[in-house]
Amino acid sequence: MTAFALVNDPGHRVTFVLDAGLAAADPVNFHPLINTATTAISQAGFRRFLAHLGVTPLIVDFAQTADL
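No experiment lies behind these values; they were computed from the predicted model shown. (Residues numbered from 1 in each chain as written. Predicted model: local features only at pLDDT ≥ 70, side-chain atom pairs only at ≥ 80, totals over all residues. Heavy atoms only, no water.)

Asks: Any chance you could explain the packing of aromatic side chains here in plain terms?
Replies: Geometrically, a pair of aromatic rings is defined through the distance of the ring centres and the angle of the planes. Taken as a whole and assessed by the stated rule, the structure comprises four aromatic pairs. Aromatic pair phenylalanine 4 and phenylalanine 49: ring centres 5.5 Å apart, planes at 90°, arrangement edge-to-face. Of the two residues, phenylalanine 4 sits in the segment before strand 1 (17–19) while phenylalanine 49 sits in helix 2 (residues 43–53), which places them 45 residues apart along the sequence. For the pair formed by phenylalanine 4 and phenylalanine 49, the shared burial category is buried. (Phe/Tyr/Trp six-rings, centres within 6.5 Å; stacked < 30°, edge-to-face > 60°. Helix = DSSP H or I, 4+ residues; strand = E, 2+ residues; numbered from the N terminus. Buried < 20%, exposed > 50% of the residue type's maximum accessible area, 1.4 Å probe, protein only.)

Here it is, written out as structure tokens:
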């Protein structure tokens, strides 16, 4: 699933979990609701997108949890 699909969740039923590495990357790349293309967006732009939707991501360092 693409992070841009959060636009289709106005009821905030989805918990958006974001990998810490991706949360630190700039730019970030996502599919624009279909997987035939990729869209690059700056980290600042991505955070504005999330803020506009009222989404606060749960940031998890999956590299740290790999050993669990």
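Additional details are given in the paragraphs that follow.
Asks: Looking at this structure, how should I read the nonpolar core?
Replies: Across soluble globular proteins, nonpolar side chains show a tendency to be buried alongside one another. Among the nonpolar cores identified, the biggest contains 14 residues, and Phe16, Phe30, Phe46 and Leu50 are the most heavily contacted of them. Among the secondary structure elements, those contributing two or more residues to this core are strand 2 (28–30) and helix 2. Ranked by residue count, the leading element in this core is helix 2, at four residues. The residues contacting leucine 50, other than those within four sequence positions of it, are Leu6, Phe16, Val55 and Pro57. (Core = buried A, V, L, I, M, F, W, Y, C linked by side-chain atoms within 4.5 Å. Contact = heavy atoms within 4.5 Å.)

Asks: Quick question: what am I supposed to make of the environment of methionine 1 here?
Replies: Looking at the element boundaries, methionine 1 is found in the segment before strand 1. You can call methionine 1 exposed: its relative accessible area is 86%. Remark: the alpha-carbon pair of methionine 1 and glycine 45, spanning 44 residues in sequence, is separated by 19 Å.

Everything listed is a geometric property; what it means functionally is a separate question.
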